[in-house]
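Next come the chains, spelled out residue by residue.
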Amino acid sequence: MKIDGEVTTGLGKAAFFLSQEFYTREFEKNLGFVPFPGTLNVVVSDDHLDEINEIKNSCENLIKPDEGFGAVKYIQAILNDEVEGAIVFPAKTTHEENYLEFISENRLRDELNLEDGDVVSLEF
């Protein structure tokens, strides 16, 4: 599946969670990289929600949390046909369903010179 979406500012909570050793250890083991402590938030059209929810619900890649934290499902993805990473689906989130959170080893806003409103593509 390949979809376009708009970059948007998140709540800033991902930095804390992606700094937790049990998450970083599992991402490195399963994806081959330690994620930058933050996500690139991409808002996609509601037209894709059924497909995204189907992918999320059938996803078997799961990081079980330490006490007090939520589980995270993830799927490998590619941003703009060039950046390998993953889309994460935290069990505990305050985002709407049409927000996708992309992780990679670099701070993508700097690396790709992205700003709110820029359109990016995600393939997963």
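Since the structure is predicted, the reported quantities are computational estimates derived from the model, not experimental observations. Every chain begins its residue count from 1, and numbering advances along the sequence as written. In keeping with the model being predicted, local features are shown solely for residues with a pLDDT of at least 70 and side-chain atom pairs are shown and tallied solely at 80 or more, while totals for entire chains, interfaces and linings include all residues. Here the side-chain values reflect all heavy atoms present in the structure, with hydrogen atoms and water set aside.

J.: Before we move on, could you go through the overall build of the chain and cite the residues and values that matter?
T.: In terms of helices and strands, the chain carries four helices and seven strands. The numbering of helices and of strands both runs from the N terminus, where a helix is a DSSP run of H or I of at least 4 residues and a strand a run of E of at least 2. Counting from the amino terminus, the chain carries its helices and strands in the arrangement β-α-α-β-α-β-β-β-β-α-β. Over its C-alpha atoms the chain spans a radius of gyration of 13 Å, differing by no more than 12% from the 14 Å that the globule rule assigns to 124 residues. Principal-axis analysis of the C-alpha atoms places the extent of the chain at approximately 35 × 30 × 25 Å. Think of it in three bands: residues with accessible area under 20% of the maximum for their type are buried, residues over 50% are exposed, and the middle band is partly exposed, with areas taken using a 1.4 Å probe on protein chains only. Going through the 124 residues of the chain one by one, you find that 41% of them count as buried. The contact criterion used throughout is that any non-hydrogen atoms of two residues lie within 4.5 Å. Excluding contacts between residues fewer than 6 apart, the proportion of contacts in the chain whose partners are at least 24 apart in sequence is 65%. Reported accessibility uses the Shrake-Rupley method at a 1.4 Å probe radius. Residues are deemed covered only where the shown protein chains occlude them. For the chain, the exposed surface amounts to about 7100 Å²; the carbon and sulfur share of it is 42%. Asp and Glu count as negative and Lys and Arg as positive, but His and the ends of the chain are not part of the count. Lysine's charge is taken at NZ, arginine's at CZ, aspartate's at CG and glutamate's at CD. Computing the positive centroid from 10 side-chain charges and the negative centroid from 26, the chain places the two 9 Å apart. Our radius of gyration is a C-alpha quantity, and the globule rule it is checked against amounts to 2.2 Å times the number of residues to the power 0.38.

J.: I'd like to hear about helix α2 (residues 21-31), residue by residue, with values.
T.: When α2 is considered as a whole, its buried residues turn out to be F22, Y23, T24, E26, F27 and L31. Of the surrounding secondary structure, the elements contacted by the buried residues of α2 are α1 (14-17), β3 (62-63), β4 (72-79), β5 (83-90) and β6 (99-103). Trailing α2 by a residue or two, G32 shows a phi angle of about 90°, which is positive.

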